[in-house]
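A closer look at the structure
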Amino acid sequence: MMGGKNDYCPESVTSVCTGLESRSKQSPNFVVTCDPAADSSTLTNADVVVVAVGGVFGHEGSDRTNISLPQKQQEAINSVLGQISANKVVLVLVNGDPIALDAYKGTIPTIVEALEGGQSGGAGLASVLFGDVSPSGMLPFTVYPDAYVSKVPMSDMSMRANSSTGSPGRTYRFYVDEPLWPFGFGLHYTTFKGQWDSLPQSSQTVAALEAGLALTVALTNTGTMGSAKALQLYVRQLDAPEAPLRSLVALEKVYVGAGQTESVTLNTSLFANTCSFCVVTPNGSSAIPLGSTWAVSVGDGATDMFPPFNVTVKSGDVY
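Residues numbered from 1 in each chain as written. Predicted model: local features only at pLDDT ≥ 70, side-chain atom pairs only at ≥ 80, totals over all residues. Heavy atoms only, no water.

1. What about the state of the cysteines?
In the structure shown here, the tally under the stated rule is two disulfides. Take the cysteines of the chain that form disulfides and number them in order along the sequence; they join up as 1-2, 3-4. (Disulfide = S-S within 2.5 Å.)

If you want it as structure tokens, here you go:
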């Protein structure tokens, strides 16, 4: 849970097992048994089997050679799947970097990315698994398929996709293949619907774009459980083939009660000292291209939650 750090570890860390055991005491109908070597009878009689895997696979001075789980952990998962239905399995990942789960994404319906939860990580995970709170996190990285490491040599530091080398690109901004899960992805115990509530003019001056555009989203919780959701605002230039596929420019997390609607304003100037619509020129300077058209959208690193808003830079403007 602490990410392998030994220079600031607290005296007591709530593990996955301890967190589940402690939470189960509040619900007399639940009995949690922590057994890393559970036999077939124990697995068969259980209503839910939580399989926690992960760890620290790479660190300074020791690079990973693949992005999949270690072989022994895969064997442990496969052993469980060989004895019970995958519908009874909750696969929990405790990790700090992406893990490719090609073999399990379509097999195990419930996969929880717990990351390195820190001192109370096990308690937080238990509150999610027991349904006390709805999960509301978002992936802080792109999860690539396992074959990604064979497509992009470690010596290739280029970001953009390159058909001559076979590289599909790096990060959500340039990766052109299908990720296992995109940057910013996250699920909840409810469903959300969003739409634009208030928009600026579709034609803007350079000065206005440098100052930042404010866009308001009406976010509705269409399910039966209250939950927080991280609204992510992205921009992408539509008339430049070499431009990033999308770039995150604003982020706002909001709690919405079941059946309720909240109005959330996102501003492209959220991150200080940044220009969301600027493009770096060959001489190293940055500017907003006159006449350029941009799509502003809410979603994650790969998809839009609802149709984007297009804004054009006035061509008669002056830098």
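2. Some words on helix 3 (residues 71–81)
All of the buried residues in helix 3 are Q73, Q74, I77 and V80. On an axial view of helix 3, the arc spanned by its buried residues comes to 125 degrees, and they lie on one face. Among the exposed residues of helix 3, those pointing more than 90 degrees away from its buried face are Q71 and K72. On its buried face, helix 3 sits against helix 2 (40–45), strand 1 (49–54), strand 2 (89–94) and helix 4 (102–105). (Buried < 20%, exposed > 50% of the residue type's maximum accessible area, 1.4 Å probe, protein only. Helix = DSSP H or I, 4+ residues; strand = E, 2+ residues; numbered from the N terminus. Arc of directions from axis to C-beta. Contact = heavy atoms within 4.5 Å.)

3. Thoughts on the layout of surface pockets
Computed from the structure, the largest pocket encloses a volume of approximately 1,100 Å³. Lining the largest pocket are 32 residues, with T33, V48, V49, V50 and V51 sitting closest to its centre. Among the elements of the structure, helix 1 (16–24), helix 2, strand 1 and helix 3 are those that each provide at least two residues to the lining of the largest pocket. For the lining of the largest pocket, the leading source of residues is strand 1, giving four residues. Tallied by class, residues from the lining of the largest pocket come to 23 nonpolar, seven polar and two charged. Its boundaries defined by the atoms lining it, the second largest pocket holds a volume of some 840 Å³. Lining the second largest pocket are 33 residues, with I111, V112, E113, P135 and L187 sitting closest to its centre. For the lining of the second largest pocket, the elements supplying multiple residues, two or more each, are strand 3 (110–113) and helix 5 (121–129). When residues of the lining of the second largest pocket are assigned to their parent elements, the largest contribution, five residues, is made by helix 5. A class-by-class count of the residues in the lining of the second largest pocket yields 22 nonpolar, nine polar and two charged. (1 Å grid on protein atoms, 1.4 Å probe; cavity = no way out; pocket = protein on both sides within 12 Å on 5 of 7 lines; lining within 4 Å. Points joined across faces, edges and corners; volume = space filled by probe spheres on them. Nonpolar A, V, L, I, M, F, W, Y, C, P; charged D, E, K, R; others polar.)

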